[in-house]
Amino acid sequence: MAKQVTTVSEEGYSATNEIRDFETTIDATGEEAPDTLEALLAAYGSCYVPALRVGGQQRDAGDLGRIEIETSGDLNDDDKLESIRFDIRVEADVDDETGEKVVERAFELCKVHDALKSELHAETSFEGGAF
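Bear in mind that the values here come from a model prediction, so they are computed numbers and not experimental data. (Residues numbered from 1 in each chain as written. Predicted model: local features only at pLDDT ≥ 70, side-chain atom pairs only at ≥ 80, totals over all residues. Heavy atoms only, no water.)

Chemist: Go over the side chain of Ser14 with me, naming the residues and quoting the values.
Modeler: Here Ser14 shows up in strand S2 (residues 14-19). Residue classification places Ser14 among the buried residues on the basis of a relative accessible area of 15%. Residue contacts for Ser14: discarding those within four places in its chain leaves Val8, Ser9, Thr25, Ile26, Asp27 and Glu32. (Helix = DSSP H or I, 4+ residues; strand = E, 2+ residues; numbered from the N terminus. Buried < 20%, exposed > 50% of the residue type's maximum accessible area, 1.4 Å probe, protein only. Contact = heavy atoms within 4.5 Å.)

Chemist: Outline the sheet that holds S2, listing residues and values.
Modeler: Taken in spatial order, the 3 strands line up as S1-S2-S3 in an open sheet, and their pairing is antiparallel. Each edge of the sheet is formed by a strand with only one pairing partner; in this case those strands are strand S1 (6-8) and strand S3 (22-27). Mean inter-strand twist for the sheet, computed between neighbouring axes without regard to direction, equals 25°. Pairing of S1 with S2, which is carried by 3 bridges, proceeds in the antiparallel orientation. What sits directly across from Thr6, in S2, is Glu18. (Pairing = 2+ DSSP bridges. Axes fitted to C-alpha atoms, helices over the stretch in contact; angles between N-to-C directions.)

Chemist: I'd like a description of the pattern of salt bridges, backed by residues and values.
Modeler: Counting across every chain of the model gives 7 salt bridges. Note that Asp63 and Arg53 form a salt bridge whose closest N and O atoms lie 3.8 Å from each other. Here Arg53 lies in helix H1 (residues 36-58) and Asp63 lies in the loop between H1 and strand S4 (67-75), a separation of 10 residues in the sequence. Here Asp87 and Arg85 are joined by a salt bridge, their closest N and O atoms 3.0 Å apart. Via salt bridges that share partners, Arg66, Glu68 and Arg89 belong to a single interconnected network. (Salt bridge = Lys/Arg side-chain N within 4 Å of Asp/Glu carboxyl O.)

Chemist: Give a description of the pairing of strand S5 (residues 81-90) that names residues and reports values.
Modeler: Bridge count between S4 and S5: 9 bridges; the pairing is antiparallel. What sits directly across from Ile67, in S5, is Val90. The hairpin formed by S4 and S5 contains 5 residues between the paired strands, and Asp79 there has a positive phi angle of roughly 60°.

Chemist: Which residues make up the nonpolar core, and what values go with them?
Modeler: Tyr48, Leu52, Leu64, Ile69 and Cys110 are the most contacted members of the largest nonpolar core, which has 14 residues in total. Going through the elements one at a time, H1, S4 and helix H2 (96-109) are the ones with two or more residues in this core. Tallying contributions element by element places H1 first for this core, with 5 residues. Discounting residues that sit within four places of it in the chain, Leu64 has contacts with Leu52, Arg53, Gly56, Val90, Glu91, Ala92, Val94 and Val102. (Core = buried A, V, L, I, M, F, W, Y, C linked by side-chain atoms within 4.5 Å.)

This is the structure:
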């Protein structure tokens, strides 16, 4: 199985992404839409939510109810992502020890977390004069 997204930029630094029947815009400058790192942080947090729900069930925390994650990304001097922080709040009354188990399990389940590894590198092809 493979996932596919088509990204098109007619000019400038904004790009439209076609994802199945959906379309989203990402603007590297952040002027017209979320920037690339904001989009990455949103994808990470959005992936972590279902991982938390499953982790909660698997680690005897039950239904977590409402989940809110504030995802922060610290940038280095080159404006590249240096670190990420999740501040997680859940509706369910979960003790700290169980919460740690849920968080640990969620990292094991989260596909975006897994994809953020140094050995993952995009294979590329390049074709000039294509349009």
